[in-house]
Amino acid sequence: MYPNQATHVVPNRFPTIIVGMGATAFISNSAWVPNLRASNHFDIVGAVTNPKISDDRAWVAANAHLPQQWVLGDPEVLIKRALETYGPDNLLVCVTTPTPLHADQICLALELGVQNIASDKPLVTELAELRKIQSAMMPGTDVWISFNHRYNGPIFHLREMVARDPGKVASIQAGFLQEWLYGDPHCPQGDWRILHRLCGMLDIGSHAADLASFIAGCNIVSVMNGIVQSVGPFAIERGFSDCGSAEFEFANGITGSARYHQSLKGHADDIWVVVTMKDGTKHMWRMAFGPETVYVSNGNKADMDTISDWTPNLRGHASIFSPVVNAIFSSTPGGHIQGWPDYWRGLFTGIAGKMLRKQNHPVVPFLTQAMQVPVPGIEDAGINIAGYVAAHDRSALEGGAEVKIANVL
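Now for a look at the structure at hand. Throughout this description, residue numbers start from 1 for each chain and increase along the sequence as written. This being a predicted model, a pLDDT of at least 70 is required before a residue's local features are given, and a value of 80 or more before pairs of side-chain atoms are given or counted; all residues contribute to the totals for chains, interfaces and linings. Just so you know, side-chain values use all the structure's heavy atoms and leave hydrogens and water out.

### Notes on the pairing of strand β12 (residues 282–286)
Working definition: with a 1.4 Å probe on protein chains only, accessible area under 20% of the residue-type maximum means buried, over 50% means exposed, and in between means partly exposed. A helix here means a DSSP run of H or I that spans at least four residues, while a strand means a run of E at least two residues long, and both kinds are numbered starting from the N terminus. Among the 5 residues that make up β12, 5 are buried, leaving the element largely enclosed by the rest of the structure. Of the two faces of β12, the one carrying K282, M284 and R286 and the one carrying H283 and W285 are both buried. Across 5 bridges, the pairing between strand β11 (residues 270–277) and β12 is antiparallel. Paired with W272 across the bridge in β12 is R286. Between any two strands, pairing holds if DSSP finds at least two bridges. Here β11 folds back onto β12 in antiparallel fashion, the turn holding 4 residues, of which G280 has a positive phi close to 95°. The pairing of β12 with strand β13 (residues 293–297) spans 2 bridges and is antiparallel. By the bridge assignment for β13, M284 is matched with Y295.

In C-alpha cells:
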C-alpha cells in the first residue's frame, strides 16, 4: 500500500509515471502533466524519455521537478522501481507517446504487473494492436483512454437528454475541424502522425465518433458511406488522409455521423456535436462557440455557423441543466468560461475515483459526483473506436458499403 493509505479516510495522491516526456513532447507537456497535478489526485514521481535524445533526461528532471534517478530512457527499469516503491494498486502509468508505440508500451506495463494504465488517444492504430493489449490484460487491470472532450456540462446534459427518451432522437452528428495540417506544421507531433495514411481519422475523427457514441449511451454497430480523402496541399503531397466522414448506427437504433478535417482554414480545435430530435429541434455543443454552452435551434433549419439561428444556454445560468450535471461540473461557477484543460482534469478526476473504488478505500462513500463519472476504457471506448476506425476505412475502400462492427472486430 502507498504509506498510511489504508488507515486514513483522506487518500494520498496516486504516484504516477509518465511514459513519453521530453523537451519537444507535445501532449505530455501541454495536457497530461499539468492537469494530472491540477486535479490534486496524482503525484508525478517519474518519467520515461526518448532514449535516443540524451538531453531529454536533464530537461525533464529540471522542468518536472523530478530526481534524476527517476527520469530514465528505459521504461522497464523505471516501472519496476515504481512498483517496488509504491505497489501495483497505487501506481498509475500514463502512456503519452505516439500512437504506434502504445501497444508495446502498454503490454510491457501489463506484463510487469501494473494494474492502472492511462493512454493517450486513440488507443491503437490497428485492430491487431488492440488484440495484443487485450491478450496481455489480467483480471483487475484497467486501461483508460484520454477521450477528454466528454468532460463538460453540455455533453453530460445531451447524454442525459438522449437517455431520457432515445425514441425522440432522430440523429447525433459530430465533427472535429482543424487547419494545422494545411501545410507542414514542422513539429514532432506532425512528423509521426502523417506517417499513417489514416492520420486525420486516428487523430481527430476518433474523437468525434467517441463523442457521438458517449452521448448516444451505447456503441456504434455499423458504419456506412465512409469517405477517406486527402484534400489539403500538404496531405496530397505526403499521401495521408486529412479529411473524411461516415454515417453510422448505434446499438439503440439511433443514427449518427462523424466528419473530420485537418486542413480547413479558419478552424483550430473546432469539435462539435448536434443532437437532432424527431420534431426537428436541434441541440448543439461547439467548443469554439462556448465550451460550457448548449445551443438550441430557433427553427428546424438552423445553420451550424450562424449564431443567430440558435439560443445559447450557459451552464450555471440556464435551467436546462440538471442538478447532477451542475454538481459534477461545479469546480468553476457557471458563467466563467471553461475549456480544454478543464476537460482533462475531469477525465483524471474520474480515473482517480475508479482507482479508489478498486481499492475499496475508506473514502469511497464520500466521493464527489465528479469522481463517479464514467471513464473511457478498453472494454468500451477502446473496442468501440478501434472497430469504428476499421469499419469506416473498409466502408471507404468498398465505395461506401455498410460494414458491421462485429465483422471487423
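Having seen it, we continue.
### Some remarks on the sheet that holds strand β3 (residues 71–72)
A sheet is described by the order of its strands in space; here 6 strands give the open sequence β3-β2-β1-β4-β5-β6, paired in parallel fashion. The open sheet has two edge strands, β3 and β6 (142–145), and neither has a second partner. Pairing geometry for strand β1 (residues 14–21) and strand β2 (residues 42–49), over 7 bridges, is parallel. Each bridged residue has a counterpart across the sheet, and for P15 the counterpart in β2 is D43. Contacts: residue pairs with any heavy atoms within 4.5 Å of one another. The axes used here are C-alpha line fits, helices contributing only the stretch in contact, and every angle between their N-to-C directions lies in the interval 0 to 180 degrees. Packed onto the sheet, helix α3 (residues 75–86) meets β1, β2, β3 and β4 (92–95) and runs at close to 155° relative to β2.

### Side note on the environment of V124
Relative to the assigned elements, V124 resides in the loop between β5 (116–119) and α5 (127–136). Sequence-wise, V124 and H102 are 22 residues apart; in three dimensions their C-alpha atoms are separated by 6.5 Å. Residues in contact with V124, not counting those within four places in the same chain, are T99, E129, L130, I133, L202 and A386.

### Overview of helix α6 (residues 153–164)
A rise of 1.5 Å per residue sets the reference length of α6, with its 12 residues, at 16 Å; its end C-alpha atoms lie 17 Å apart and thus fit the reference within 8%. Residues G153, P154, I155, F156, H157, L158, M161 and V162 constitute the buried set of α6. Each element contacted by the buried residues of α6 is listed here: β7 (169–177), α8 (199–216), β11, β12, β13 and α10 (323–328). Distance and chemistry together define a polar contact, namely a pair of N or O atoms within 3.5 Å, with one atom able to donate a hydrogen and the other to accept it when in protein, and with adjacent residues in sequence counting only for side-chain atoms on both sides. For α6, the N-terminal cap is N152; the gap from its side-chain oxygen to the backbone nitrogen of I155 is 3.0 Å. Any helix carries an expected span of 1.5 Å times its number of residues minus one.

### A word on the packing of aromatic side chains
Classification of ring pairs rests on two measures: the distance between centres of Phe, Tyr or Trp rings, Trp counted by its six-membered ring, which must be within 6.5 Å, and the angle between planes, read as stacked under 30 degrees, edge-to-face over 60 and tilted in between. All told, the structure shown has 15 aromatic pairs when counted by the stated rule. Aromatic side chains F248 and F250 sit 5.4 Å apart centroid to centroid with 75° between the ring planes, which places their arrangement in the edge-to-face category. On the basis of relative accessibility, which here comes to 1%, the residue F248 falls in the buried class. For the pair W285 and Y343, a centre-to-centre distance of 6.3 Å together with 65° between the ring planes defines the contact as edge-to-face. With W285 in strand β12 and Y343 in helix α11 (residues 340–358), this residue pair connects regions lying 58 residues apart in the sequence. You can call W285 buried: its relative accessible area is 0%.

### Quick look at the pairing of strand β8 (residues 220–229)
Two elements, β8 and strand β9 (residues 243–250), share 7 bridges in a ladder whose sense is antiparallel. Among the inter-strand pairings, S222 is bridged to a residue of β9, identified as E249. Of the pairings in the sheet, the one linking β8 to strand β15 (residues 403–404) comprises 2 bridges and is antiparallel in character. In the sheet register, V223 faces β15, and the bridge partner there is V403.

### A closer look at the sheet that holds β8
Spatial strand order, β14-β13-β12-β11-β7-β10-β9-β8-β15: 9 strands in an open sheet with mixed pairing. The two strands at the open ends of the sheet, each matched to only one other strand, are β14 (310–314) and β15. Running over the sheet, α6 touches β7, β11, β12 and β13 and is turned about 20° from β11. Lying over the sheet, helix α12 (residues 378–397) contacts β8, β9, β10 (255–261) and β15, oriented at roughly 50° with respect to β8.

### What about the packing of α5 against α12?
At a minimum axis separation of 10 Å, α5 and α12 run at an interaxial angle of 160°. Regarding the angle of α5 to α12, the classification is roughly antiparallel. Judged by the twist between their axes, the crossing of α5 over α12 is left-handed. Two secondary-structure elements touch here, α5 through L127, L130, I133 and Q134 and α12 through I378, G382, I383, A386, G387 and A390. Comment on the angle field: the value is read as roughly parallel under 35 degrees, roughly antiparallel over 145, roughly perpendicular from 65 to 115, and oblique elsewhere. In this scheme, a crossing is called left-handed if the near helix is turned counterclockwise away from the far one by less than a right angle; it is called right-handed if the turn is clockwise.

### Some details on the nonpolar core
Among buried residues, the Ala, Val, Leu, Ile, Met, Phe, Trp, Tyr and Cys ones that are joined through side-chain atoms within 4.5 Å form a nonpolar core. In this structure, I17 and I172 are the most contacted members of the largest nonpolar core, which totals 117 residues. When residues of this core are assigned to their parent elements, the largest contribution, 10 residues, is made by α8. W272, M284, Y295 and A302 belong to the second largest nonpolar core, which has 7 residues in total.

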